[in-house]
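Listed below are the residues making up each chain.
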Amino acid sequence: MQGTVDGFSYGLVTPVAAFLMACLGGALGLRCTTRSLRHRDSFKAGWLALGATSIGTGIWTMHFIAMMGFSVQQAPIDYDRPITFASLGVAVLMVGIGIFIVGYRGATALTLVTGGTITGLGVATMHYLGMAGMRLQGRIEYDTLTVALSVVIAVVAATAALWAAVSIHGFLASLGASLVMGVAVSGMHYTAMTAVSVHLHGTTASTSTGDNGGSLLLPMLIGPAVFLILAAVVVMFDPLLVMGDPDWQGSPRAVHRPGVPAPRHVPSYGEPANWTARPRTRGARRAVPRGGHRSQDW
């Protein structure tokens, strides 16, 4: 028999909360990626890894917060925990591959398309692997065209997110980009959920209302949510991540690193030279070439 599916059991609570988590993960990931690209230092890989984990965790948390509102009227829902957490690992891994490609290969069109495709496929894989971890007395079927549309949305959204990470540097601009990313990820999720149909086992309908699995998902969401909060604290304590380059202080000054010679300043035309000649003392000996003789004045 056909099951009655409801994706908004709690009204707008779960969609809004899921959207905010997607925006938070996207904002943290974009700022960390921007930090690694604009300020190349020994912590580049660390910032990229933090950005990938933030985006992957934010998308995963968004998915399962939205799934808290999903219910089948005639059947209770359970979740397989190993598969559920495996979907989190897939999301972080494939988002990380896409971000590291752009971070180390540069923001060319080829790297953006390659990284965006890998990241988008990772997001789609996370979604459908998480759906595979759903357990109920029935069979879940998908509409092929709608699934393909959701994958296209995921790839386009991921490519746009990587482009924003390398092209948008201001705090307000990055905030706007994270909102767009949250809309795209949420749109991908709910587009994919429209492809779902449930065929229950048996021929008679149950009179009991099915459990939507919210009580099972909530404990699993605590850890990823705490990680996003800690990542936000890291971002807040790094002024370069929050505000970007301090352009209001004037022209940027070169930072001298240990073991690297400081760059010499060549004065422009009309600028006084900032150097003083070493005075020559009386009686100073002139340099004598090796194997030669010093000339004498007669």
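Cut-offs and rules
- Residues numbered from 1 in each chain as written.
- Predicted model: local features only at pLDDT ≥ 70, side-chain atom pairs only at ≥ 80, totals over all residues.
- Heavy atoms only, no water.
- Helix = DSSP H or I, 4+ residues; strand = E, 2+ residues; numbered from the N terminus.
- Expected span 1.5 Å × (residues − 1).
- Buried < 20%, exposed > 50% of the residue type's maximum accessible area, 1.4 Å probe, protein only.
- Polar contact = N/O pair within 3.5 Å; in protein donor to acceptor, adjacent residues only side chain to side chain.
- Axes fitted to C-alpha atoms, helices over the stretch in contact; angles between N-to-C directions.
- Parallel < 35°, antiparallel > 145°, perpendicular 65-115°, else oblique.
- Left-handed = near helix turned anticlockwise from the far one by under 90°.
- Contact = heavy atoms within 4.5 Å.
- Core = buried A, V, L, I, M, F, W, Y, C linked by side-chain atoms within 4.5 Å.
- Phe/Tyr/Trp six-rings, centres within 6.5 Å; stacked < 30°, edge-to-face > 60°.
- pLDDT = per-residue confidence, 0-100.

Trainee: Just checking my understanding: could you explain helix α3 (residues 81-105) for this structure?
Mentor: Since one α-helical turn is 3.6 residues long, residues separated by three or four positions face the same way. With 25 residues, α3 should cover 36 Å at 1.5 Å per step; its first-to-last C-alpha distance of 36 Å lies within 8% of that length. Turning to α3, its buried residues number three or more, namely Thr84, Ser87, Leu88, Ala91, Val95, Gly96, Gly98, Ile99, Val102 and Gly103. The backbone nitrogen of Ile83 lies 3.0 Å from a side-chain oxygen of the residue at the head of α3, namely Asp80. In the segment just after α3, Gly106 is the residue with positive phi, at about 95°.

Trainee: Could you clarify how one ought to interpret the packing of helix α4 (residues 109-132) against helix α5 (residues 144-167) in this entry?
Mentor: In helix packing, the relevant descriptors are the interaxial angle and the interaxial distance, both defined with respect to the helix axes. Relative orientation of the contacting elements α4 and α5 amounts to 130°, with a least axis distance of 7 Å. Between α4 and α5, the crossing angle belongs to the class labelled oblique. Considering only the axes of α4 and α5, their crossing is right-handed. Between α4, through Leu112, Gly115, Gly116, Thr117, Thr119, Gly120, Leu121, Val123, Ala124 and Tyr128, and α5, the contact on the second element is made entirely by Val147, Ser150, Val151, Ala154, Val155, Ala158, Thr159, Leu162, Trp163 and Val166.

Trainee: Is there a simple way to think about the nonpolar core in this case?
Mentor: The nonpolar side chains of a soluble globular protein tend to be buried with one another. If you look at the biggest cluster of nonpolar residues, it comprises 55 residues, and the most contacted ones within it are Met67, Phe70 and Met134. With 12 residues, helix α2 (residues 44-67) is the single largest residue contributor to this core.

Trainee: Could you clarify how one ought to interpret the side chain of Thr119 in this entry?
Mentor: Note on placement: Thr119 falls in helix α4. In terms of polar contacts, Thr119 uses its side chain to reach the backbone carbonyl oxygen of Gly115, at 2.8 Å.

Trainee: Just checking my understanding: could you explain the packing of aromatic side chains for this structure?
Mentor: Aromatic ring pairs are reported here in terms of the distance separating the ring centres and the angle at which the planes meet. For the coordinates displayed, the defined rule picks out 6 aromatic pairs. Each ring, one from Trp60 and one from Phe64, has its centre 4.9 Å from the other, and the planes form 50°; the classification is tilted. Within this pair, Trp60 and its partner Phe64 are both found in helix α2, separated by 4 residues, close to a single helical turn. Look at Trp60 and you get buried, because its relative accessible area is 0%. Arranged with centres 5.5 Å apart and planes meeting at 80°, the rings of Tyr128 and Tyr142 form a pair that is edge-to-face. Of the two residues, Tyr128 is situated in helix α4 and Tyr142 in strand β5 (residues 138-142); the sequence distance between them amounts to 14 residues.

Trainee: Can you help me understand the confidence of the model for the chain in this one?
Mentor: Interpreting fine coordinate detail is not advised for predicted regions of low pLDDT. Mean pLDDT over the chain: 77, with 72% of residues reaching 70 or higher. Mean pLDDT values over the elements of the chain span from 53, in helix α8 (residues 239-242), up to 92, in α4. When the criterion is pLDDT under 50, residues 204-210 qualifies, and its contacts beyond four places in sequence or with other chains add up to 11 contacts. For the stretch residues 243-277, pLDDT sits under 50, and the model shows 13 contacts to residues farther than four places along the chain or on other chains.

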